[in-house]
Amino acid sequence: MNLQGKQVTLHDMSLRDGMHAKRHQISLEEMVNIATGLDQAGMPMIEVTHGDGLGGASVNYGFPAHSDEEYLKAVVPQMKQAKISALLLPGIGTVDHLNMAKDCGVTSIRVATHCTEADVSQQHITQAAKMGMDTVGFLMMAHMVSPEKILEQAKLMVDYGANCIYATDSAGYMLPDDVTARIGLLRKELPKNIEIGFHGHHNLGMGIANSLAAIEAGASRIDGSVAGLGAGAGNTPLEVFCAVLDRMGVETGVDLFKIMDVAEDLVVPMMDHPVRVDRNSLTLGYAGVYSSFLLFAKRAEEKYGISARDLLVELGRRGTVGGQEDMIEDLALTMAKEKA
Ligand SMILES: C[C@H](O)CC(=O)C(=O)O
Ligand SMILES: [Mn+2]
């Protein structure tokens, strides 16, 4: 693979996707310290929000240590060069949340929908684009449908005003050929001024390989997390990815040793559990399950005595998607009754 001379914008997820792995309990001090470290390392984009996006604080998704507004107001003023993004899932986040994020200094908004539901993003994408924000359409669970379907949904988002489209491997299920097919088709068919991005999860250990495939197929934005802090087995570990890109002659503008230090000195010490491929996170990738279901399944295992792996396999078989978190406990109850 020859990527020599390509330029890629890296986007750190440790303070948003990483919120899942921390049950949304990152302190303001940790947020600011990590964001500052990333900023100093030259990370161009950093996402700061509840794990499920603006307005995610709820019984269904979990209550965070601080509100989105508190996190954003603490982080944004400290940034010297990094741009702060926020995730927004229509139905969870509202246009009021979007306006609040803009007022806090967020310059990039990523409107996320299930990969077949782009039509629910119209209001938020249109509003963000109207406000002059970097407006991203983020198609989740992109492994569940064909590249053609992803393209159809992406075109809707572009029509609404998105200037960048992500194919998102929320379950960490994809293999490099799956990424190539989706990103390649988006790059071929969408206008050249529309950027393409890829967001991976490392559940099958494919975060780096899939992200490289995405760049080769035409993606110019890649998400990852320092030390991989993210849902499931985490996101593409950015310090590792930076080292690989450096070896391959890809330009990122990120200082490799500085980002290694952020990973080692700041992020790893605050992990509640090792974010790694273990039998449960591996099952997410193998069965094609939404990565943030991991901790819900582990909690249900403790409560009902049903193995998290069995739960995840069944959730994959049923084709559950983000937003169906309540199904996990429901399923555990049913399985516990059947077992009894
Ligand atoms: C709300 C999800 O955590 C968004 C995401 O990061 C993914 O789908 O992956
Ligand atoms: Mn994710």
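Residues numbered from 1 in each chain as written. Chains lettered and ligands numbered in written order. Predicted model: local features only at pLDDT ≥ 70, side-chain atom pairs only at ≥ 80, totals over all residues. Heavy atoms only, no water.

Turning our attention to the confidence of the model for the protein. Per-residue pLDDT for the protein has a mean of 97; in total, 100% of the residues score no lower than 70. Both scores are available for the predicted complex, with the pTM at 0.97 and the ipTM at 0.99. (pLDDT = per-residue confidence, 0-100.)

A few words on the coordination of the manganese ion (ligand 2). Bound to the manganese ion (ligand 2) are the protein donor atoms Asp17 (OD), His199 (NE2) and His201 (NE2), situated 2.0 to 2.2 Å from the metal. The motif formed by the donor residues of the manganese ion (ligand 2), counted along the single chain, is D-x181-H-x1-H. In this pair, Asp17 is assigned in helix H1 (residues 17-21) and His201 in the loop between strand E7 (195-199) and helix H8 (207-217), connecting sequence segments 184 residues apart. Neither residue differs from the other here; Asp17 and His201 are each classed as buried. (Donors = N, O, S within 2.8 Å, 3.2 Å for Na, K, Ca; no water. Helix = DSSP H or I, 4+ residues; strand = E, 2+ residues; numbered from the N terminus. Buried < 20%, exposed > 50% of the residue type's maximum accessible area, 1.4 Å probe, protein only.)

The next thing to look at is the environment of Ala233. Mapping Ala233 onto the fold places it in the loop between strand E8 (221-224) and helix H9 (238-248). Spatially, the C-alpha atom of Ala233 lies 29 Å from that of Thr107, the residues being 126 residues apart in sequence. Discounting chain neighbours no more than four positions away, the residues touching Ala233 are His202, Asn203, Gly228, Val275, Arg276, Val277 and Ser281. (Contact = heavy atoms within 4.5 Å.)

Our focus in this paragraph is the packing of aromatic side chains. Taken as a whole and judged by the stated rule, the model has 2 aromatic pairs. With 5.5 Å between their ring centres and 35° between their planes, Phe138 and Tyr166 make a pair best called tilted. Of this pair, Phe138 sits in strand E5 (residues 134-140) while Tyr166 sits in strand E6 (residues 164-168), and the two are 28 residues apart along the sequence. Relative accessible area serves as the criterion here: at 2%, Phe138 is assigned to the buried category. For the pair Tyr290 and Phe293, a centre-to-centre distance of 5.4 Å together with 75° between the ring planes defines the contact as edge-to-face. With respect to burial, Tyr290 and Phe293 carry one shared label: buried. (Phe/Tyr/Trp six-rings, centres within 6.5 Å; stacked < 30°, edge-to-face > 60°.)

Direction of pairing for strand E1 (residues 9-12) relative to E8: parallel, over a ladder of 4 bridges. Its bridge partner lying in E8, His11 is registered against Asp223. Two elements, E1 and strand E2 (residues 45-47), share 2 bridges in a ladder whose sense is parallel. Bridging across to E2, Asp12 finds its partner in Ile46. (Pairing = 2+ DSSP bridges.)

Among the 13 residues in the neighbourhood of ligand 1, the closest are listed as Arg16, Asp17, His20, Ser170 and His199. Between ligand 1 and the protein, one listed contact pairs an oxygen atom with a side-chain N or O atom of His201 at 3.2 Å. A total of 280 Å² of accessible area belongs to ligand 1 in isolation, and the protein chains cover 98% of it. Taken atom by atom, the bulk of ligand 1 overlaps the largest cavity. (Near = heavy atom within 4 Å. Polar contact = N/O pair within 3.5 Å; in protein donor to acceptor, adjacent residues only side chain to side chain. Areas by Shrake-Rupley, 256 points an atom, 1.4 Å probe, with all protein chains shown as cover. 1 Å grid on protein atoms, 1.4 Å probe; cavity = no way out; pocket = protein on both sides within 12 Å on 5 of 7 lines; lining within 4 Å. Sits in = over half its atoms within 2 Å of the grid points.)

Under the present numbering, the feature "active site" (unreviewed entry) in UniProt falls on His20. Position of His20 relative to the elements: it lies in helix H1. Among all residues touching His20, those that are not within four sequence positions of it are Gly51, Asp52, Ala231, Ser292 and Leu295. (UniProt positions renumbered as here; feature names shortened; annotations may be inferred.)

Moving on, we get to the packing of helix H2 (residues 28-40) against helix H3 (residues 68-75). Taken N-terminus to C-terminus, the directions of H2 and H3 make an angle of 40°; their axes are 9 Å apart at the nearest point. Here H3 runs oblique to H2, going by the angle between their axes. The element H2 and its partner H3 pack so that their crossing is right-handed. Only Glu70, Tyr71, Ala74 and Val75 of H3 make contact with H2, whose side of the interface consists of Leu28, Met31, Val32 and Ala35. When the residues that make up the contact of H2 with H3 are grouped by side-chain class, the tally is 7 nonpolar, no polar and 1 charged. (Axes fitted to C-alpha atoms, helices over the stretch in contact; angles between N-to-C directions. Parallel < 35°, antiparallel > 145°, perpendicular 65-115°, else oblique. Left-handed = near helix turned anticlockwise from the far one by under 90°. Nonpolar A, V, L, I, M, F, W, Y, C, P; charged D, E, K, R; others polar.)

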